[in-house]
Amino acid sequence: MIPALMPTYNRASLAFERGQGAWLWTTDGRRFLDFGSGIATSSLGHNHPALVRAIADQASRVIHVSNLYRIPEAERLAARLVDASFADSAFFCNSGAEANEGMVKMIRKTMAETGRPERYRIICFEGAFHGRTLAMLAATGNPKYLNGFGPVVDGFDHVPFNNMNAVRDAIGPQTAGILVEPIQGESGVRVANSRFLQDLRAACDENGLILGVDEVQTGMGRTGKLFAHEWTGVAPDVMSVAKGVAGGFPMGVVLAREHVARHLVPGSHGTTFGGNPLACAAGNAVLDVLLSPGFLQQVDQRGELLRSGLSEIVSEFPSVFEEVRGAGLLTGLKCVVPQAEFADACIAEALLTVNAGENVVRLAPPLIVTDSETAEAISRIRRAARRCLAAPASLPAR
Ligand SMILES: *Cc1c(COP(=O)(O)O)cnc(C)c1O
């Protein structure tokens, strides 16, 4: 019989009942070090006092009013995000896929409103992940996710990642823009070259196209800058953000420059929940922490600490690991052994990780992780590697 909770995930049989900082406790009292952050989402860790207070205070005043009225918490969060980024305007929604849908709608609408309605196609990349709605499945382009769900939404062309010649060849008379992740998190923490992002910007400028960046996973401090594209000196025209933006409270944001944002006039796009007072109170509380002096530099330093520890482990255990990837606190360990074997060994060491493509295991701790917790994770990973050496390394990947 089908479980009451629809079985769309292969869940580990762990259930957590409370957390504190980078730690989670199971219902049977075991303590885990959380280096998954609920897929790079619990950016302030668990039970962060300022986030908890902001949510509780807002809930006791008003949770939801709809976008039929002004929402001061949303106006404030939008102004702060605009101040801290390339953008001129923000649209709030509820998830990464929804933010990407909004971004693609803005790109298409801009073309339609500037006399180029035939330009609706978006160039996307192999290995991309943009979400699970019908259009974002098409933008993702992975046959594994598309199969069985009917005709694929038209308008997304895929080319190899980090390959500028392929991009130039793909630009045609119907191209409206380019959609890229600064780091492809889901497909294996594959980092875009700075030069590649700079060349994408130049190609968009030359051809009158719009550059859209999906920072759902890489944004909001994850890589040690507020947004990962800042490392490259390139600014997009429009960007999606979600995952960590409200510390685990569901929220997505589209941030756009005026020349794109101004085409979404009243009635052209919408959402019931998006930007409600509760979500925006959470978003403001997260931003308070991210923008506090020195915080992002600390994320960068912790990322360096983590990656240097992992690099040593990779050289110690060449039969278990191949390489370390990533930036800031979005790190990938490419395994030689099947990733499930290493991930299970981490669970045995009470360390939570997240699998990604290319046999990579992601380490994405809360951004508030301490040096000693980072060192603790490194020793747990070393012990997990020893477990992989001891176990037969020939199990098929799950
Ligand atoms: C997780 C993710 C999404 C989808 O976000 P949802 O909130 O699950 O819809 C989109 N793009 C990227 C880069 C992601 O990591």
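Rules used throughout
- Residues numbered from 1 in each chain as written.
- Predicted model: local features only at pLDDT ≥ 70, side-chain atom pairs only at ≥ 80, totals over all residues.
- Heavy atoms only, no water.
- Domains from an automatic or database assignment.
- Contact = heavy atoms within 4.5 Å.
- Buried area = accessible area lost by both parts, 1.4 Å probe.
- Salt bridge = Lys/Arg side-chain N within 4 Å of Asp/Glu carboxyl O.
- Polar contact = N/O pair within 3.5 Å; in protein donor to acceptor, adjacent residues only side chain to side chain.
- Helix = DSSP H or I, 4+ residues; strand = E, 2+ residues; numbered from the N terminus.
- Buried < 20%, exposed > 50% of the residue type's maximum accessible area, 1.4 Å probe, protein only.
- Near = heavy atom within 4 Å.
- Areas by Shrake-Rupley, 256 points an atom, 1.4 Å probe, with all protein chains shown as cover.
- Phe/Tyr/Trp six-rings, centres within 6.5 Å; stacked < 30°, edge-to-face > 60°.
- Patch = residues over 30% accessible without salt bridge, like charges linked within 9 Å, V, L, I, M, F, W, Y side chains within 5 Å.
- Disulfide = S-S within 2.5 Å.
- Pairing = 2+ DSSP bridges.

Undergrad: An account of the domain arrangement of the protein chain is requested, with residue identities and associated values reported.
TA: A common way to state how big an interface is: give the accessible area lost once the parts meet. Assigned domains within the protein chain: domain 1 (16–34 + 293–390) and domain 2 (49–290). Of note, the centres of domain 1 and domain 2, computed from C-alpha atoms alone, are 27 Å apart. Facing the 21 residues of domain 1 at the interface are 20 residues of domain 2. Roughly 1,600 Å² is buried in total at the junction of domain 1 and domain 2, and carbon and sulfur atoms are behind 61% of that figure. Summed over the three residues of domain 1 that lose the most area to domain 2, namely L296, L330 and R362, the buried surface amounts to 37% of that side. Linking domain 1 to domain 2 there are two salt bridges. Where E358 meets R190, a salt bridge forms, and the shortest distance between an N and an O atom there is 3.1 Å. Counting the contacts that link domain 1 with domain 2 gives seven residue pairs in polar contact (both at pLDDT 80 or more).

Undergrad: I'd like to hear about the side chain of T223, residue by residue, with values.
TA: As for its placement among the helices and strands, T223 is situated in the loop between β10 (210–214) and β11 (238–241). Residue class for T223 comes out buried when judged on its relative accessible area of 1%. Of the polar contacts made by the side chain of T223, one reaches the side chain of W231; its length is 3.0 Å. Setting aside chain neighbours within four positions, we find T223 in contact with I183, T218, A228, W231, A327, G328 and L329.

Undergrad: Could you give me a rundown of the site of the ligand, with the residues and numbers involved?
TA: By nearness alone, 13 residues border the ligand, and G96, A97, D214, Q217 and K243 come closest of all. At 2.8 Å, a backbone N or O of G96 approaches an oxygen atom of the ligand. At 2.8 Å from a nitrogen atom of the ligand is found a side-chain nitrogen or oxygen belonging to D214. Taking 380 Å² as the accessible area of the ligand by itself, protein coverage stands at 81%.

Undergrad: I'd like to hear about the packing of aromatic side chains, residue by residue, with values.
TA: What the rule picks out here adds up to six aromatic pairs. With 6.1 Å between their ring centres and 65° between their planes, F125 and F161 make a pair best called edge-to-face. Taken together, the positions of F125 in strand β5 (residues 121–125) and F161 in the loop between β6 (156–159) and α7 (164–170) put the pair 36 residues apart, joining distant regions of the chain. No difference in accessibility class separates F125 from F161, as the two residues are buried. On the basis of an interplanar angle of 80° and a centroid distance of 6.0 Å, the ring pair of F129 and Y145 is categorised as edge-to-face. Of this pair, F129 sits in the loop between β5 and α5 (134–140) while Y145 is found in helix α6 (residues 143–146), placing the two residues 16 residues apart along the sequence.

Undergrad: Please give an account of a nonpolar patch on the surface that cites residues and values.
TA: Nonpolar side chains collect at one region of the surface, where L134, F149 and V153 lie side by side and expose about 300 Å² of accessible area between them. Examined against the element boundaries, V153 turns out to sit in the loop between α6 and β6.

Undergrad: Account for the state of the cysteines, with residues named and values stated.
TA: Within the structure shown, the criterion is met by zero disulfides. We note that C204 lacks a disulfide partner, and the nearest cysteine sulfur, in C124, lies 12 Å from it. On the accessibility criterion, C204 (1% relative accessible area) is buried. We note that C346 lacks a disulfide partner, and the nearest cysteine sulfur, in C388, lies 7.4 Å from it.

Undergrad: So what about the pairing of strand β2 (residues 23–26)? Which residues, and what values?
TA: Here β2 shows two buried faces, one formed by W23 and W25 and the other by L24 and T26. Where strand β1 (residues 16–20) and β2 come together, four bridges link them in antiparallel fashion. Note that in β2 the partner of F16 across the bridge is T26. In this antiparallel pair of consecutive strands, β1 and β2, the connection spans two residues, and G21 shows a positive phi of 60°. Sheet topology places β2 next to strand β3 (residues 31–34); three bridges connect them, and they run antiparallel. Opposite L24, over in β3, you have F32 as the bridge partner. Linking two consecutive strands that pair antiparallel, namely β2 and β3, is a turn of four residues; a positive phi of about 85° is found at G29 within it.

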